[in-house]
Amino acid sequence: METKEKFPLKKVCIICAKGAIEDVYAALVMANGAVMEGIEAKLFFTFFGLDAITKKQMKKLKTATVGNPAMRMPGGLPFPTLLGGIPGVEAGVSAMMKNQMAKLDIPTVPEFFEMITAGGGEIYACKLAADMFKLKKEDLWEGVTDIITVGQFYELAEGQGTQIIFV
Amino acid sequence: MVEKIIAGVTVNVNNEGYLENPAQWTKDIALEIAKEYNLTLTEKHFQVIDYLRKAHLNGETLTMRKVGSSGIVDIKGLYELFPGGPLKISSKIAGIPKPTSCV
């Protein structure tokens, strides 16, 4: 009988380049899921993804109600793009979404970061994007390890059994 | 389902070693399974295990967050007690099924 050797995943390096709540959550769920399984996790936030680790923005992430073809009314009817453009609609829809997630015991963004770092996961910001948005270390959530270059990010990805995931 | 002798007791386990029937669990079984992970169980470990067993028998879905807000241990503490898979390993030692939650 053929025996196949298994090479389990040892480390994930997750890049989050978007600031919409669903994209940030995708990165957070994957990072947290990794540390829960004993897999090392490094999270790297760049461009609009930086909102997720910016003190002023991290509690206010939103979902796009315009240009989002998967957006539906409660009940499943299509969500008109024009409606999505009315002031306050995006905030209202985002609040509804957060409410639904709270019901499923999904943590808030800051709490999720606490959980990931409690498990040894590390959070990084992209230097180029931070420079572009004029963000300094003190503007970022206190659990952020460092602001690093893309080269340093690849150094973090060293070792066999590492995967890089782009969100 | 396979039969396995753990701490001198014959129990039914699945292919990953989780007990099929939580009622077959004993403290000795917990100590024995913990050895597979090089863990020596302390009073604190057993407090977590008791909490997990009670929550499972109440039909609750266990998450890291739930255990972290149980008042017994915070999430960091849970990682320290059961390194390398806090919810998975603690559930196995507690004789309850493998957790199915993503958070």
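The written sequence of each chain sets the order in which its residues are numbered from 1. For this description, chains carry letters from A and ligands carry numbers from 1, given in the order in which they are written. Whole-chain, interface and lining totals are the exception, using all residues; otherwise, since this is a predicted model, local features are given only for residues with pLDDT of at least 70 and side-chain atom pairs are given and counted only at 80 or more. Think of the side-chain values as coming from all heavy atoms in the structure, minus any hydrogens and water.

Throughout this description, the term salt bridge denotes a Lys or Arg side-chain nitrogen within 4 Å of a carboxyl oxygen of Asp or Glu. Summed over all chains, the structure comprises 11 salt bridges over all chains. As a salt-bridge pair, K11 of chain A and E158 of chain A come within 4.0 Å of each other at their nearest N and O atoms. Remark: E158 of chain A occurs in the loop between α6 (150-156) and β5 (162-166) and K11 of chain A occurs in strand β1 (residues 11-16); sequence separation between them is 147 residues. When its relative accessible area of 6% is taken as the criterion, K11 of chain A is described as buried. Of the residues examined, E158 of chain A reaches a relative accessible area of 53% and is grouped as exposed. Residues K92 of chain B and E36 of chain B are paired through a salt bridge, measuring 4.0 Å at the closest nitrogen-oxygen approach. Here E36 of chain B lies in helix α1 (residues 27-36) and K92 of chain B lies in helix α5 (residues 86-93), a separation of 56 residues in the sequence. The buried category is assigned to K92 of chain B, whose relative accessible area is 8%. By definition, any uninterrupted DSSP run of H or I lasting at least four residues is a helix, any uninterrupted run of E lasting at least two residues is a strand, and each is numbered from the N terminus. Each residue gets one of three labels from its accessible area relative to the maximum for its type: buried under 20%, exposed over 50%, partly exposed in between, using a 1.4 Å probe on protein chains only.

Our next topic: the interface of chain B and chain A. Counting residues at the interface gives 15 residues for chain B, matched by 14 residues for chain A. What counts as buried area is the accessible surface, traced by a 1.4 Å probe, that two parts surrender upon association, with contributions from both included. Carbon and sulfur atoms make up 58% of the area that chain B and chain A hide from each other, which totals about 1,300 Å². Ionic pairing is found between R65 of chain B and E111 of chain A, a salt bridge with its closest N-O pair at 2.8 Å. Here a polar contact means two N or O atoms within 3.5 Å. Within protein one must be a hydrogen donor candidate and the other an acceptor candidate, and residues neighboring in sequence count only if both atoms are side-chain atoms. At the boundary of chain B with chain A, the tally comes to 5 residue pairs in polar contact (both at pLDDT 80 or more). Listed by contribution, the elements that provide at least two residues to the side of chain B that touches chain A are α3 (64-68), α4 (75-81) and α5 of chain B. For the side of chain B that touches chain A, the residue count by class is 7 nonpolar, 4 polar and 4 charged. Note on definitions: a residue-residue contact is assigned when non-hydrogen atoms from the two residues lie within 4.5 Å. Put simply, Ala, Val, Leu, Ile, Met, Phe, Trp, Tyr, Cys and Pro go in the nonpolar bin, Asp, Glu, Lys and Arg in the charged bin, and everything else, Gly too, in the polar bin.

All right, on to the nonpolar core then. Core analysis: the largest hydrophobic core is formed by 78 residues, its most contacted members being L43 and F113 of chain A together with I93 of chain B. Looking at which element gives the most residues to this core, the answer is helix α1 (residues 21-36) of chain A, with 9 residues. In contact with L43 of chain A, other than residues within four places in its own chain, are I14, A27, L28, A31, F113, I116, E122, I123 and Y124 of chain A. By nonpolar core we mean a set of buried residues, namely Ala, Val, Leu, Ile, Met, Phe, Trp, Tyr and Cys, connected to one another through side-chain atoms within 4.5 Å.

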